[in-house]
Structures are given as structure tokens and as C-alpha cells.
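Residues per chain are reported as follows:
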Amino acid sequence: MSDLIDDLDPGANAPEFSVSDLSGVIKRMIEGEFSHVRVKGEVGRVSRPRSGHVYMDLKDDRSVLAGVIWKGVASKLAVQPEEGMEVVATGRLTTFPGQSRYQIVIEDLKPAGMGALMAMLEARRKALAGEGLFAPERKKRLPYLPEVIGVVTSPSGAVIRDILHRLRDRFPRKVLIWPVAVQGEKCAPEVTRAIQGFNALTPGGALPRPDLLIVARGGGSIEDLWGFNEESVVRAAAASEIPLISAVGHETDTTLIDFASDKRAPTPTAAAELAVPVRLDLLAWLDGQEGRLLQALKGQVTARQQRLRDLSRALPRGEALLDGPRQRLDGMSDKLPGALRASIQVRQVKLSEKAGALRPGMLRERVRNRREGFASLAARVNTRALQRDINQKRTEFDRITKRLADVGARQITTWRDRLAAQDRLRETLGYKATLERGYAVVRGDGALVTTKDAAQAAGALEIEFADGRLAVGGGDAAASPSRAAEREPAAKPAPKAKKTPPEQGSLF
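Note that the structure is predicted; figures quoted are calculated from it, not measured.

Q: Tell me about the overall build of the protein, and name the residues and values.
A: The secondary structure content of the protein amounts to 15 helices and 14 strands. Relative to its full complement of 508 residues, the protein shows a buried share of 28%. Contacts in the protein between residues far apart in sequence, at least 24 positions, make up 60% of those at least 6 positions apart. Here the protein displays about 35100 Å² of accessible surface, and carbon together with sulfur accounts for 57% of that area.

This is how it looks when you write it as C-alpha cells:
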């Protein structure tokens, strides 16, 4: 009997699974058992494809766990994963059947303790400092007395009240407040947009661009202040064209925006004190300067008056200065008549000597010599060259005159053609041309008639057609030379007026 029945293989009655079925069972089992886990480890490889998802590894000294952060979760994380960071990841385990492996879908990511957070902060500070964002030479000087101050902070906290109160006490200025969240996930993007938004305002526009920015927040833990350590906030502060004061936390708190800002204030109240001077101190200083200026002017005037008196004592009297010249003038006046007589005698002698040499014969000889010289010069003058030059100039003048006449004739012809075209256009656009198309102008009692009621109220009507005017009803009316033609019945009723020509009135 045993020979007739074959023995079954051990386990031959176990159910058979397909690969997909088995993978699905494992997936449900793992997701059911590990639907919420917290894993501590070091961030290994980090990949950020264009899809926006983040793929990373969590590892320790013996094992590696693959992880994924979906796009929607990655954009909301307060801390972005970086290689070498010690973190605590919260999420759920699942499998990836396509590669027979399991992974953690991360829903939250935080640094593993204060030491890891500070290490990450230090690494980020060194990286940004290496780019020159914290260099002292790129920091801008704060304006001495800004007209408009922009404040980036929470509108509901005590910080803004402290800043406004301090500004009002020291030197009232215009303040623009950009409300932002000062902690949490929204802090970094809102602060970044606020700094960039203030810089994008147009100077002198409807909403004036601030001359100075204050980014302020009260004290808190490093987690509360972490938004001001984000790279986007630091880069926005470094790129700000408007001078920026950072006043984040208390005096002992330090964030990366403090390094990128143009001035760090230990508290928000101190930021307001850095922003504006004390008005009363300025007034007192101005009063002191005014007193010193007046005193200096009085001293200068007094010194110059004394100098003028000293110089005036050293100068001689005016009468004494004129005594010498007056005496010399009197002496010369006495000598002048004799000197004039002597001069006249000398000139008379010279004139006699010259006149004795002048004789009529000599004058005639000189005239004859001059006349012969003129005749010789006239004989050498070439009149033909002069005539030839005159002829050339006359020919050129005639040619230019002819060109001018031709140009003038063409210009007159052009103007005449344009005038004729304008006249034809006037005739075409005038109401006379409209009358040729079957329209008519109605007048009553010397006025234009455009409605039925006006026509019934008129004592007499006059209708103007293309070939003349026709009086209808009432007494005699002035008619055109073609009165007989006007009184003939019209072949068809005139159509209703479409427009009113500006020359005479409406047509119908």
C-alpha cells in the first residue's frame, strides 16, 4: 500500500504568494507597526531634485536608514537638513517595493540638542562670512537724522511700542511698520520679504522709501530667534541698500543678522536711540553754537575797530598831504607863460626855414612827376582781365537768378495745387455737397428748424435744396433766382438729417 501512494514533500501544502502580494503584506505590516516613530541619527547624503522633494540618509556607526521629505513638508521645515547634522526625525516607516527596501517618510526634523544646533549655526556663519557678507568695509553709515524710519517687527508686541515711545521722546520721525512674524516657520520668509519690500519702494513716491531700517524682536531662546539665523534673512540684510540696524533679542543674544546688518543694537530701545539724536540736546547745542558765533563776531568787530583806530592815528592829515602838490602847482603856473612864449618863438623860426624852401616851380615839378607816375600805373592796369572776371560773375549771377526763379515757380505751383485740393475738400465736406445727395435745410422765422414742434410753431418755413430755396406758408420770403424751380413739387421726400454741418445748420 505504501508503494502505491507517494509521500508528500514537507511544506508542500503552504500557500504560494506573488512577489507583489508579498511586498504588499510586508508594506502593510511595517506601516501598521511603525506608523509614528522618532529616529535620532546623523544626516548623511542629501539630494534635492527639481521636484522639490528631499531625499536623505540617516545613519549611525552601524546602520543607514533611507529617508524622504515630501515637497510640501520640506518647504515648512524650520531647519533644513545638511550633511553631518545630528537630528531627530519624526515620521512613519514604509517600504519601497520597487527596490525591496524600507524608508522613513519624515514629517518633522529638528536638531538633536543644543550642541548640534550651535554647530550648524557656526558652520553657517563661517560659510556666509567666507562670502564676504559680514565684511566691515561693506557696512553703510547710518544717516544722522533720517526723515522716514522703516521698522520690521510684530505689530502686536511690546517692541514696537518701545521703539515708537523712544523715537517720540528723542526726535519724532515718520515711521513705517512692516508687520511680520518674529518666530516660527513664517518668520524667515516674512522678514526677508519685508527688507526687500522696503528697498523696492521708490524714493519720493506716494509711500516714501525709508532712510533707515530697524529689524527688531524681543528676547527668547535660540529656537525662538532661529528665523533671524536663516540664510535668506542674512542675505536680504546684506543686500539692503538702506542702512539697517538689527535689534534681535537681548544684549546677550546673537543672531546672524547682527553680523550682516550695518549696526547692531543690544535692544530694540537702543536701536531707536541709535536711529535719531536727542532733539533737546541738538537745540541746546545750537543755542550754544549761536552764542559762540555771536561772541566771535563781536570780538572780530571790536578787534577791527581798534585796528582801524590805530591805523587812522598813523595816517597824516589830508591838508598836510596837499600842501606840497599845491605849492609845486603854483610854481609851475608862474613859469608857464614864459615857457609858452619861448616855445612859440622856436616854432616860428622853424616854420620860416621850411617856408623859404617852398617855391611855385618846385610844386609844379612835383605835380608833374606825380601825374606821370599815375599815367604809368594806368598803362599797366589790365582791363581785359577785369572785364573777363566781371563777365564770369555776371554769368554766375544769371545762373543763380534762374535757379531761384525755377524754385520759386515750383514752390508757387505746389502751393497752388495744395490750395486747390483744400478747396475741393472744403466743397466736399460742406453742406452744399450734402444737399446734392437729396438732403435739405429747413429754416423758420430766420432760425434753423430741427424738430417737428419747431416747424409747427414757425410762421413761415424756407427749405433750401441743392438748386435753390423754396418758401412754404406765411408771407413773402426771399427766394433764390431759381424761384420757379423751387416751387415745383419734389420728386421724393427728403430723408431725415443725419448730421449738422457747421456752416449752415442741420440737414434732413
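Q: Provide a residue-level description of the pattern of salt bridges, including the pertinent values.
A: Considering all chains together, one arrives at 21 salt bridges under this definition. Here Glu82 ties to Arg124 by a salt bridge, and the two come within 3.5 Å at their closest N and O atoms. With Glu82 in the loop between α2 (71-74) and β4 (86-96) and Arg124 in helix α3 (residues 114-130), the pair connects residues that are 42 residues apart, well separated along the chain. Assessed through its relative accessible area of 32%, Glu82 is described here as partly exposed. Residue Asp406 is joined to Lys402 by a salt bridge in which the shortest nitrogen-to-oxygen separation is 3.3 Å.

Q: Quick rundown of the confidence of the model for the protein? Include the residues and the values.
A: When pLDDT is averaged across the protein, the result is 83; 89% of the residues are at 70 or more. This model gives residues 1-5 a pLDDT under 50, and the stretch forms zero contacts once residues within four places in sequence are excluded. The low-confidence segment residues 475-508 (pLDDT under 50) makes 58 contacts with residues lying over four places distant or belonging to another chain.

Q: Explain the nonpolar core to me, using residue names and the numbers behind them.
A: Val191, Ile195, Val215 and Phe228 are the most contacted members of the largest nonpolar core, which totals 53 residues. When residues no more than four places from it in sequence are discounted, the contact partners of Ile195 are Leu213, Val215, Ala236, Ala237, Ser240 and Leu244. In this structure, Ile163, Ile214, Ile245 and Ala275 belong to the second largest nonpolar core, which totals 19 residues.

Q: Before we move on, could you go through the sheet that holds strand β6 (residues 148-153) and cite the residues and values that matter?
A: Strand order in this open sheet of five strands is β7-β6-β8-β9-β10, and the pairing throughout is parallel. The open sheet has two edge strands with one neighbour each: β7 (174-179) and β10 (263-264). Examined bridge by bridge, strand β8 (residues 212-217) and strand β9 (residues 244-248) share five bridges and lie parallel to one another. Counterpart to Arg217 in the pairing with β9 is Val248. The strands touched by helix α4 (residues 158-170) are β6, β7 and β8; relative to β6, the strand with the most contacts, the crossing angle is about 160°.

Q: Let's hear about the packing of aromatic side chains: which residues, and what values?
A: All told, the structure shown has two aromatic pairs when counted by the stated rule. Seen in terms of ring centroids, Phe134 and Phe259 are 5.5 Å apart; in terms of plane orientation they differ by 35°. Their pairing is tilted. In this pair, Phe134 sits in the loop between α3 and β6 while Phe259 sits in helix α7 (residues 256-260), placing the two residues 125 residues apart along the sequence. Residue classification places Phe259 among the partly exposed residues on the basis of a relative accessible area of 32%. Ring geometry for Trp178 and Phe198: centres 5.2 Å apart, planes at 70°, overall edge-to-face. Placement of the pair is Trp178 in strand β7 and Phe198 in helix α5 (residues 187-200), with a sequence separation of 20 residues. Note on Trp178: relative accessible area 30%, which makes it partly exposed. One residue, Arg125, lies across the ring of Phe259, its end atom 6.0 Å from the ring centre.

Q: Tell me what's going on with the packing of α5 against helix α6 (residues 231-239), and back it up with residues and numbers.
A: Axis separation between α5 and α6 bottoms out at 8 Å; the angle between their running directions is 15°. The orientation of α5 with respect to α6, classified from their angle, is roughly parallel. The handedness of the crossing between α5 and α6 comes out as left-handed. Contacts from Ala188, Val191, Thr192, Ile195 and Gln196 of α5 reach α6 at Ser232, Val233, Ala236 and Ala237.

Q: Kindly report on the sheet that holds strand β12 (residues 447-448), identifying the contributing residues and their values.
A: With antiparallel pairing, four strands are arranged side by side in an open sheet as β12-β11-β13-β14. Lying at the two open borders of the sheet, with one neighbouring strand each, are β12 and β14 (468-472). With five bridges connecting them, strand β13 (residues 461-465) and β14 associate as antiparallel partners. Considered in β14, the bridge of Glu464 is made with Arg469.

Q: Provide a residue-level description of the packing of α4 against helix α8 (residues 268-275), including the pertinent values.
A: Packing of α4 against α8 brings their axes to within 8 Å, and their N-to-C directions diverge by 30°. Judged by the inter-axis angle, α4 sits roughly parallel to α8. The interaxial crossing formed by α4 with α8 has right-handed handedness. Contacts between α4 and α8 involve Val159, Asp162, Ile163, Arg166, Leu167 and Arg170 from the former and Pro268, Thr269, Ala272, Glu273 and Ala275 from the latter. Grouping the amino acids of the contact of α4 with α8 by side-chain chemistry returns six nonpolar, one polar and four charged.

Q: Any details on the pairing of β9? Residues and values, ideally.
A: Counting buried residues in β9 gives five out of five residues, a clear majority hidden from the surface. Burial along β9 is two-sided: Leu244, Ser246 and Val248 facing one way and Ile245 and Ala247 facing the other are all buried. Following the chain from β8 across α6 to the adjacent parallel β9, one finds a crossover that is right-handed. Across two bridges, β9 lies against β10 in parallel orientation. Bridging across to β10, Ile245 finds its partner in Lys263.

Parameters and conventions
- Sequence order as written defines residue numbering, which begins from 1 separately in each chain.
- Totals for whole chains, interfaces and linings use every residue, but because this is a predicted model, local features are given only for residues with pLDDT of at least 70 and side-chain atom pairs only at 80 or more, for both listing and counting.
- For the side-chain quantities, the full set of heavy atoms in the structure was used; hydrogens and water were omitted.
- For helices the rule is a DSSP run of H or I covering at least 4 residues; for strands it is a run of E covering at least 2, with both sets numbered from the N terminus onward.
- Whether a residue is buried, partly exposed or exposed follows from its accessible area with a 1.4 Å probe, protein chains only, as a fraction of its type maximum: under 20%, in between, or over 50%, in that order.
- Here, residues are in contact when the closest pair of their heavy atoms is within 4.5 Å.
- All accessible areas in this document rest on Shrake-Rupley with a 1.4 Å probe, and a residue is counted as covered only by the protein chains that are shown.
- The term salt bridge refers to a side-chain nitrogen of Lys or Arg lying within 4 Å of a carboxyl oxygen of Asp or Glu.
- Values of pLDDT, the confidence the predictor places in each residue, fall between 0 and 100.
- By convention a nonpolar core is built from buried Ala, Val, Leu, Ile, Met, Phe, Trp, Tyr and Cys residues, the set being connected through side-chain atoms within 4.5 Å.
- Any two strands with at least two DSSP bridges between them are considered paired.
- A fitted line through C-alpha atoms represents every axis, and for helices the fit uses only the stretch in contact; the resulting angles, taken between N-to-C directions, go from 0 to 180 degrees.
- When two rings of Phe, Tyr or Trp (its six-membered ring) have centres within 6.5 Å they constitute a pair, described as stacked for plane angles under 30 degrees, edge-to-face for angles over 60, and tilted for the intermediate range.
- Charge-over-ring placement is defined geometrically: NZ (Lys) or CZ (Arg) within 6 Å of the ring centre, and within 35 degrees of the ring normal.
- Oblique is the label for any angle not under 35 degrees, not over 145, and not in the 65 to 115 range, which are roughly parallel, roughly antiparallel and roughly perpendicular in turn.
- Crossing chirality is assigned from the near helix's rotation relative to the far helix, an anticlockwise turn below a right angle marking it left-handed and a clockwise turn marking it right-handed.
- Each residue gets one label: Ala, Val, Leu, Ile, Met, Phe, Trp, Tyr, Cys and Pro are nonpolar, Asp, Glu, Lys and Arg are charged, and the others, such as Gly, are polar.
- By definition, the crossover connecting two strands over a helix is right-handed if that path, from the first strand to the second, turns clockwise as seen with the strands pointing away from the viewer.

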